[in-house]
Amino acid sequence: MKLVYFGFRPQTSDSVKEQTYRQVGCWSGVEAVGSFDADAPEEAVRRTAVLRLAPDTDAAAISRRLEDLPSVEYASEPGDRFLVR
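Cut-offs applied
- Residues numbered from 1 in each chain as written.
- Predicted model: local features only at pLDDT ≥ 70, side-chain atom pairs only at ≥ 80, totals over all residues.
- Heavy atoms only, no water.
- Helix = DSSP H or I, 4+ residues; strand = E, 2+ residues; numbered from the N terminus.
- Expected span 1.5 Å × (residues − 1).
- Buried < 20%, exposed > 50% of the residue type's maximum accessible area, 1.4 Å probe, protein only.
- Arc of directions from axis to C-beta.
- Contact = heavy atoms within 4.5 Å.
- Core = buried A, V, L, I, M, F, W, Y, C linked by side-chain atoms within 4.5 Å.
- Polar contact = N/O pair within 3.5 Å; in protein donor to acceptor, adjacent residues only side chain to side chain.

## Description of helix α1 (residues 14-25)
Okay, so step 1: Between the first and last C-alpha of α1 there are 16 Å, a value that for 12 residues agrees with the 16 Å anticipated at 1.5 Å per step.
Okay, so step 2: Where α1 is concerned, the buried positions are Lys 17, Thr 20, Tyr 21 and Val 24. For α1, the buried positions fall inside an angular range of 105° around the axis, keeping them on one side. Turned more than 90 degrees off the buried face of α1, the exposed positions are Ser 15 and Arg 22.
Okay, so step 3: Structurally, α1 contributes buried residues whose contacts are with β1 (2-8), β2 (30-35), α2 (43-46), β3 (48-53) and α3 (59-67).

As C-alpha cells, this is what we get:
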C-alpha cells in the first residue's frame, strides 16, 4: 500500500480542508483521502491528512502536486519500514 501524508497550514478552515479532500480525491491514482486523526489532542496531528494511492501511482509526483495547493504546508511519503528480528 502506498501512502502520502500531508499537512494543512495552521490557518486552514475545516471547509477548505473538506474542499481539498474532495479535489484531491478525484486525482488519478488516489484511492482514498482523509484526516489522519481529526480528534487528536495535538494541533499538528489534527492538521495531518493521508492519501492511499494505487500501487502504480507516482507518490513523489502526487506529493509535489499537493505542495502546489495553497492550503497545504508539506507533503511526504513515509519511509520504508523493515522488521528487525
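## Description of the nonpolar core
Okay, so step 1: Counting 16 residues, the largest nonpolar core has Phe 6, Leu 51 and Leu 66 as the members making the most contacts within it.
Okay, so step 2: Breaking this core down by element, the ones donating at least two residues are β1, α1, β3, α3 and β4 (72-76).

## Side note on the environment of Ser 15
Okay, so step 1: One can find Ser 15 in helix α1.
Okay, so step 2: It is 23 Å that separates the C-alpha atoms of Ser 15 and Ser 28, two residues lying 13 residues apart in sequence.

## A word on the side chain of Arg 47
Okay, so step 1: In this structure, Arg 47 sits in the loop between α2 and β3.
Okay, so step 2: Its relative accessible area of 13% is what places Arg 47 among the buried residues.
Okay, so step 3: Of note is the side chain of Arg 47, whose polar atom sits 2.8 Å from the side chain of Glu 43.
Okay, so step 4: Apart from residues lying up to four places away in sequence, Arg 47 is in contact with Phe 6, Gly 7, Phe 8, Arg 9, Pro 10, Lys 17 and Glu 73.

## Some remarks on α3
Okay, so step 1: Taken together, the buried positions of α3 are Ala 59, Ile 62, Ser 63 and Leu 66. Along the long axis of α3, the arc covered by the buried residues comes to 100°, so they all point the same way.
Okay, so step 2: Where α3 is buried, its residues touch β1, α1, β2, β3 and β4.
Okay, so step 3: The residue sitting at the N-terminus of α3 and contributing the capping side-chain oxygen is Asp 58; that oxygen lies 3.1 Å from the backbone nitrogen of Ala 60.

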